[in-house]
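Here's the letter readout for the chains.
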Amino acid sequence: MPLAPIRDTIPTSTSEQSTHNTRVVSEISRVISGAVSQSDVQSLIDSAIYLSTMTKSAAYPLVSADNGKIVLVNTTSAAVTITLPAAASISSGWNITIKALGNAATNNVTIARNSHTIDGAAADITLNTNYSFRTLVYDGSAFYIIGRF
């Protein structure tokens, strides 16, 4: 039996995301048990990919619910600051990708650390190259850069 499509719609609520994750785990279990062919594996991977994006063109304080999102930052008109959430509101594993769009060389994107350290440094991050990005993960006490351009 072929793999069932995983992504019918983009899950937006916690309940929908939980259902989505349960379906992914179920289909992965079928792959591991050998119940599906190798040719179906790519369709599973393609349908399981879920990325939630938002676009910001003004200062924005990230919140717990932004976990796992991609923030596209439009600096066409002015520099923009994206502020990391307070430590009390997030837990280990919380992650975010912040991507500067085409005018970051002129109007920078600042990732404000909000009292956190980032890779051991007590300094904000500045994205000043067009289309650059940083992916950050929180380990329960600090942020670490796990992806960059």
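Predicted model only: the values in this text are computed from it and were never measured.

K.L.:
Describe in detail the side chain of T75, supporting the description with residues and values.
P.N.:
As for its position among the elements, T75 is in the loop between β3 (70-73) and β4 (80-83). One polar contact links the side chain of T75 to the main-chain amide nitrogen of A104, over a distance of 3.4 Å. Beyond its immediate stretch of four places on either side in the chain, T75 contacts V80, N103, A104, N107, N108 and V109.

K.L.:
Would you mind going over the environment of S52 in detail, with residue names and values included?
P.N.:
Note that S52 resides in the loop between α2 (38-48) and β1 (53-56). Taking C-alpha positions, S52 is 9.0 Å from D66, a pair spaced 14 residues apart along the chain. Aside from chain neighbours lying at most four places away, what touches S52 is K69 and I70.

K.L.:
An account of the sheet that holds β4 is requested, with residue identities and associated values reported.
P.N.:
With mixed pairing, four strands are arranged side by side in an open sheet as β2-β4-β6-β7. Each edge of the open sheet is held by one strand with a lone partner, namely β2 (60-61) and β7 (125-127). Direction of pairing for β4 relative to strand β6 (residues 109-112): parallel, over a ladder of four bridges. If you follow V80 over to β6, its bridge partner there is V109.

What counts, and where the lines are drawn
Residues numbered from 1 in each chain as written. Predicted model: local features only at pLDDT ≥ 70, side-chain atom pairs only at ≥ 80, totals over all residues. Heavy atoms only, no water. Helix = DSSP H or I, 4+ residues; strand = E, 2+ residues; numbered from the N terminus. Polar contact = N/O pair within 3.5 Å; in protein donor to acceptor, adjacent residues only side chain to side chain. Contact = heavy atoms within 4.5 Å. Pairing = 2+ DSSP bridges.

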